[in-house]
Amino acid sequence: MNVRMLLISGASALTPLALAAQADSGSGVKLSGYVTTSYVYASQPTDGTIVGRLYDRFHDTFVANAARITLERPVAADKVDAGFRVDAVFGQNATVLQSAGFNLGDQGDLPQAFVTLNLPTGGGNYVQFKAGKMWTLLDVELIDEVLNPNFSLGYQFAYLTNFTNTGFGVDAKLSAKVDAQLRLINGWDVVQDNNTGKSFMGRVGITPSDKAALSFLVHYGPEQAGSTTNKRYGGEFVGTFKPASTTTIYAQLDAGGEQGIAAGGDDAKWLGAGLWGVFDLDKKFSLALRGDYIDDQDGVRTSGVLGFPAAPSRTLGSVTATLNVRTWPHALVRPELRYEHSSQDDFGTPGDASNTQLTIGMALSYIF
């Protein structure tokens, strides 16, 4: 089941490419977007920041997270058609999303800018060719935080996978229950390639029923600047389950590695697991719970990133509770509580740091 389908439309269709299949190109170019602002208070801040966080990385500060605008001409899946999508984001979220080789300033970015060509293959199936900059295929969570169960992003999204792919893609709906996606890209979060090789990412989705959807993903390619010798590789499983009309469960498992970057020139390895539960309390309130864990076995994915000190290894875990309030038209209000634990004393000022941290915050979004 696609997260976007669940959080935006509540549709029962679980095919991850269902949005493309349902798109109506007759209305021409569409404008959409959102504005998000937030405030978070941490029990163990470090010089005004919250170590390890992405969009909610500032302590005790009102944040202009994002003004995101999308222009899209969606394609019709039942005929030969062409379209495009451009996402522009401005604000403090953009700073941590930027890809190497593309610069709109410290607080601006284009997370997506791609062209789509559609070829119907009969029986409601299709093949779509895409070229440009696109979201990664990986993860339950997405760049647009208003589409996620929680406001803050989990450790798997922040540290074990990429944000965007720049290159060529093929999306195919093979049957009512099977779809596939392929990407040939410059690399993880790079617009201008940093070496002479290309990376690969692929996904197969299976929808056995209207209560379950399963995705299996792999990635492989050279990601080190100036070298194609060492490769980054890994796999991911994402499952979406609908045990009741008011309950949605997401699960994500990650395993990956990279050649030649661990101590002594060995392969670095990492693992991750996440579980989400979204419970609709009524039409205007839902509770989202998340538990996530990563094992950065050689410290290469977290050391020196988003305030984490260098460490030979690090495990991280967190538990998050978010109340999603939709009382006001087009508005999303999200009070959130998060507790996290590290195997290192990462949180707080040096000399008085702790291995645990508690944060409480609120995000407010207007979606159009």
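Anything mentioned here points back to the structure above.
In short, a report on the structure. (Residues numbered from 1 in each chain as written. Predicted model: local features only at pLDDT ≥ 70, side-chain atom pairs only at ≥ 80, totals over all residues. Heavy atoms only, no water.)

### Topic: unusual backbone geometry
Of all residues except glycine, most have a negative phi; of all peptide bonds, most are trans.
Here's step 1: Phi is positive for Asp139, which is not a glycine, with a value near 90°.
Here's step 2: Relative to the elements of secondary structure, Asp139 occurs in the loop between β5 (125-135) and α4 (155-160).
Here's step 3: Using a relative accessible area of 9% as the deciding quantity, one classes Asp139 as buried.
Here's step 4: Positioned with a positive phi, Asp189 is a non-glycine residue whose angle comes to about 55°.
Here's step 5: The topology assignment puts Asp189 in the loop between β7 (178-188) and β8 (199-209).
Here's step 6: On the accessibility criterion, Asp189 (18% relative accessible area) is buried. (Helix = DSSP H or I, 4+ residues; strand = E, 2+ residues; numbered from the N terminus. Buried < 20%, exposed > 50% of the residue type's maximum accessible area, 1.4 Å probe, protein only.)

### So, the nonpolar core
Here's step 1: Core analysis: the biggest nonpolar cluster contains 17 residues, and Leu54, Tyr55, Leu97, Ile143, Phe157 and Phe163 have the highest contact counts within it.
Here's step 2: Ranked by the residues each element gives to this core, the list is headed by helix α3 (residues 94-97), at three residues.
Here's step 3: With residues up to four places along the chain from it excluded, the contact list for Phe157 reads Leu54, Asp139, Glu141, Leu142, Ile143 and Phe163.
Here's step 4: If you look at the next biggest cluster of nonpolar residues, it comprises twelve residues, including Tyr155, Ala158, Trp270 and Phe347. (Core = buried A, V, L, I, M, F, W, Y, C linked by side-chain atoms within 4.5 Å. Contact = heavy atoms within 4.5 Å.)

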